[in-house]
Amino acid sequence: MTDALRLGRRAFTIAVVGATIAWSIGLAAVLQPLTAQGAMAGDLIKGSLPAVYYYAADGRRYVFPNEKTFKTWYAGFSGVQTLSDAEIAAIPIGGNVVYRGGTRLVKIQTDPRVYALEPNGVIRWVESEAVASALYGAAWASRVDDVPDVFFVDYTPGAALASAASYPAGSLVSPSDSDAVYYITSAGKRMVDA
């Protein structure tokens, strides 16, 4: 085989490989924006079905397991954007949304223990009714929601609340002798502007 023929075959192979790569990259660049036209990170989105998702900065959609979970984050559904079912399907699911920290108390039906919620799905067992009453008032039981067992794995156990000496992170508290409201963090508290 002559050198010119080998050089021609090599050039042809390189051209085919280059065209294949360029076509693949070009097709991906065209299809990628179709995954969430009109949706931006932080938006609430849905398709034709009633499920609502949080569209995150990582390009994934996060599922609200039920309306109770949704309502710990949002007052209503007026801000939800409807996308086509194809657009929704093109956005990968990133996981489940958990209850917002500091909003409710939770338990599961197969376990009588009640848990306080902190940010990022951390739960803290409230060890007694006395502690629950001291932290949340005499009507504390009205703040308890049952989380379906299947979603309880989305939560991470933290240290138990054995006394009312400190509120869980994520709580909003107001001293009885003041109108000030404080947000409790793991590092302390900070005043919330009214």
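Residues numbered from 1 in each chain as written. Predicted model: local features only at pLDDT ≥ 70, side-chain atom pairs only at ≥ 80, totals over all residues. Heavy atoms only, no water.

Asks: So what's going on with the sheet that holds strand β8 (residues 122–125)? Residues and values would help.
Replies: Taken in spatial order, the five strands of this open sheet run β9-β6-β7-β8-β10, and their pairing is mixed. Both edges of this open sheet fall to β9 (144–146) and β10 (156–157), since each of them pairs with a single strand only. Two strands pair when backbone bridges link them, and strand β7 (residues 111–118) and β8 are joined in this way by four bridges, in the antiparallel orientation. Within β8, the position partnered with E118 by the bridge is V122. (Pairing = 2+ DSSP bridges. Helix = DSSP H or I, 4+ residues; strand = E, 2+ residues; numbered from the N terminus.)

Asks: Give me the lowdown on the packing of aromatic side chains, citing residues and values where you can.
Replies: One pass over the full model with this rule turns up six aromatic pairs. Between F64 and F70, the ring centres sit 5.0 Å apart and the planes meet at 75 degrees, which makes this aromatic pair edge-to-face. Accessibility expressed as a relative area gives 9% for F64, which makes it buried. For F70, a relative accessible area of 2% gives the class buried. Measuring from ring centre to ring centre gives 5.6 Å for Y115 and F152, while their planes differ by 55 degrees; the resulting arrangement is tilted. With Y115 in strand β7 and F152 in helix α5 (residues 149–152), this pair connects stretches of sequence that are 37 residues apart. Residue Y115 is classed as buried on the basis of its relative accessible area, which comes to 8%. You can call F152 buried: its relative accessible area is 15%. Connected via pairs of aromatic rings, a cluster forms that spans F64, F70, Y74 and F77. (Phe/Tyr/Trp six-rings, centres within 6.5 Å; stacked < 30°, edge-to-face > 60°. Buried < 20%, exposed > 50% of the residue type's maximum accessible area, 1.4 Å probe, protein only.)

Asks: Account for the pairing of strand β12 (residues 182–185), naming residues and giving values.
Replies: Across the two faces of β12 the burial differs, with Y182 and I184 buried and Y183 and T185 not buried at all. Here four bridges tie β12 to strand β13 (residues 188–191), and the two strands are oriented antiparallel to one another. Within β13, the position partnered with Y183 by the bridge is R190.

Asks: Please set out the sheet that holds strand β11 (residues 172–173) residue by residue, giving values where relevant.
Replies: Strand order in this open sheet of three strands is β11-β12-β13, and the pairing throughout is antiparallel. Both edges of this open sheet fall to β11 and β13, since each of them pairs with a single strand only. One ladder, built from two bridges, connects β11 with β12; its direction is antiparallel. Paired with L172 across the bridge in β12 is Y183.

Asks: An account of helix α4 (residues 129–136) is needed here, citing residue identities and associated values.
Replies: Every buried residue belonging to α4 is among V131, A132, L135 and Y136, and all of these are buried. For α4, the arc enclosing every buried residue in end-on projection is 100 degrees, short of the 170-degree limit, so these residues lie on one face. Facing away from the buried side of α4 by more than 90 degrees, the exposed set consists of E129 and A130. Residues of α4 that are buried make contact with β6 (105–108) and β7. Looking one or two residues beyond α4, the residue adopting positive phi is G137, at roughly 90 degrees. (Arc of directions from axis to C-beta. Contact = heavy atoms within 4.5 Å.)

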